[in-house]
Amino acid sequence: MRMIKRLLLLSLPLVAIYSWQAWGHHAFSAEFDKEAPVTLEGTVTKIEWINPHAWIHLAVLDTQGEAIDWMVEGGTPNTLIRAGIHKNSIPIGSEIIVRGYQAKDKRCEPACKANGRDLTFADGRKVFMGSSGTGAPKDGSDPRDSR
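Here is a short report on the structure shown in this document. All residue numbers refer to position in the chain's written sequence, counted from 1. Since the coordinates come from a predicted model, pLDDT governs what is reported: local features require at least 70, and pairs of side-chain atoms require 80 or more to be given and counted, while whole-chain, interface and lining totals use all residues. Side-chain measures were taken over the full set of non-hydrogen atoms in the model, leaving aside hydrogen atoms and water.

**Let's talk about the state of the cysteines**
Alright, step 1. In this description, a disulfide is simply a cysteine sulfur pair whose atoms lie within 2.5 Å. Tallied over the full model, the rule gives one disulfide.
Alright, step 2. In this model, Cys108 is linked to Cys112 through a disulfide, with the two sulfur atoms separated by 1.9 Å. Of note, the bridge from Cys108 to Cys112 carries an S-S torsion of about 100° and is right-handed in sense.
Alright, step 3. Categorising residues by exposure relies on relative accessible area from a 1.4 Å probe, with only protein chains included: less than 20% of the type maximum marks a residue as buried, more than 50% marks it as exposed, and the intermediate range marks it as partly exposed. Cys112 gets classed as buried once you look at its relative accessible area, which sits at 3%.

**Focus on the packing of aromatic side chains**
Aromatic ring pairs are reported here in terms of the distance separating the ring centres and the angle at which the planes meet.
Alright, step 1. Two aromatic rings from Phe, Tyr or Trp, using only the six-membered ring of Trp, form a pair when their centres are within 6.5 Å; if the ring planes differ by under 30 degrees the pair is stacked, by over 60 it is edge-to-face, and anything between is tilted. In this structure the tally under the stated criterion is zero aromatic pairs.
Alright, step 2. Look at NZ for Lys and CZ for Arg. If either is within 6 Å of the ring centre and within 35 degrees of the ring normal, a charge sits over the ring. Note that Arg125 overlies the ring of Phe121, its terminal NZ or CZ placed 4.0 Å from the centroid.

**Some details on unusual backbone geometry**
Alright, step 1. A cis amide bond links Asn51 to the next residue, Pro52, at an omega of 5°.
Alright, step 2. The secondary structure listing takes helices from DSSP runs of H or I that are at least 4 residues long and strands from runs of E that are at least 2 residues long, numbered from the N terminus. Mapping Pro52 onto the fold places it in the loop between β1 (32–48) and β2 (55–61).
Alright, step 3. Along the chain, Glu109 connects to Pro110 via a cis peptide bond; the corresponding omega equals -5°.
Alright, step 4. For Pro110, the position within the fold is in the loop between β4 (95–103) and β5 (112–120).
Alright, step 5. The phi dihedral of Lys106 is positive, around 55°, even though this residue is not glycine.
Alright, step 6. Mapped onto the fold, Lys106 is located in the loop between β4 and β5.

**Re empty space enclosed by the protein**
Alright, step 1. The method works on a 1 Å grid over the protein atoms by themselves. A cavity is a set of points holding a 1.4 Å probe that cannot get out, a pocket is an open set with protein on both sides within 12 Å along at least five of seven lines, and residues with an atom within 4 Å of a point line them. Grid points are joined across faces, edges and corners, and a volume is the space filled by probe spheres set on the points. What the rule picks out here adds up to two cavities of 30 Å³ or more.
Alright, step 2. A volume near 30 Å³ is recorded for the second largest cavity.
Alright, step 3. Lining the second largest cavity, in full, are Ile47, Trp49, Ala54, Ile56, Leu80, Ile85 and Ile90.
Alright, step 4. Of the residues belonging to the lining of the second largest cavity, the class tally is seven nonpolar, no polar and no charged. Lys, Arg, Asp and Glu make up the charged group, whereas Ala, Val, Leu, Ile, Met, Phe, Trp, Tyr, Cys and Pro make up the nonpolar group; the residues left over, Gly among them, are polar.

Printed below as a string of structure tokens:
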């Protein structure tokens, strides 16, 4: 009986660590609205190349010419590298177009948020920038959808 208690006590930190990681990651539908597609054309202001998702920050002009800050969630850095996007392939100041879905809360504090599906570079190249298997709509962006 003592041995079982000891094993339980020793395994508790591992359970806590792994449950925290599972809690931290989310499905598409937990944060983003499949009924709110967006197409963002703007200037890259910042890149966050971090796990579990990379973020591309854009300044997008609204109809009055005011710059609106957007944070666009992409897949993991590893997924993006396999798709042909690396940290230096999207220079600060470059113009890109991102198609995706807006966050459910629609708040734009400190910035508007979206989940990116595909990214189009100024030269016309288009790459998938999302994560597969997260519950995002099957919109033709994910090359794995056709499998």
